Amino acid sequence: MIDHRNPVAKLEVDAGDGWQALPRTGYNYFLSENGSGCGGEIRITDIYGERLTVGGLPVSAGVVQPTGVQFAQH
């Protein structure tokens, strides 16, 4: 998520049987070590506990996809 108002605390992907939290790397990316597929729903939680759910986005190398969602301002 680029240009979000609040710091991201957690990123999760829909694993089919529930949400799977992705670990944050030291270089501030969230990665799925086992792969979690592409184009499924993701859930983003900020440090205030607000959650945004984004429907499946197309995944293309080197392309930034707009989510159309934004955290409330705190």
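Residues numbered from 1 in each chain as written. Predicted model: local features only at pLDDT ≥ 70, side-chain atom pairs only at ≥ 80, totals over all residues. Heavy atoms only, no water.

**Examining the nonpolar core**
Counting residues in each nonpolar core, the largest one holds 9 residues, listed as Val 8, Leu 11, Val 13, Leu 22, Phe 30, Ile 44, Leu 52, Val 54 and Phe 71. The set of elements that each furnish at least two residues to this core consists of strand S1 (8–14) and strand S4 (51–54). If one sorts the elements of this core by residue count, S1 sits on top with 3 residues. Once residues lying within four places of it in the same chain are set aside, the contact partners of Leu 11 are Gln 20, Ala 21, Leu 22, Phe 30, Arg 43 and Ile 44. (Core = buried A, V, L, I, M, F, W, Y, C linked by side-chain atoms within 4.5 Å. Buried < 20%, exposed > 50% of the residue type's maximum accessible area, 1.4 Å probe, protein only. Helix = DSSP H or I, 4+ residues; strand = E, 2+ residues; numbered from the N terminus. Contact = heavy atoms within 4.5 Å.)

**Quick notes on the sheet that holds strand S3 (residues 42–46)**
Whenever strands of a sheet pair, they do so through backbone hydrogen bonds, lying parallel or antiparallel. If you walk across this open sheet you meet the 4 strands as S2-S1-S3-S4, and the pairing is antiparallel. The sheet is open, and its two edges are formed by strand S2 (19–21) and S4, each paired on a single side. With strand direction ignored, the average angle separating the axes of adjacent strands in the sheet is 25°. As defined by bridge partners, S1 adjoins S2 across 3 bridges and the pair is classed as antiparallel. Looking at S2, one finds that Glu 12 is bridged to Ala 21. (Pairing = 2+ DSSP bridges. Axes fitted to C-alpha atoms, helices over the stretch in contact; angles between N-to-C directions.)

**Observations regarding the environment of Ala 15**
Along the chain, the position of Ala 15 falls in the loop between S1 and S2. The partly exposed category is assigned to Ala 15, whose relative accessible area is 40%.

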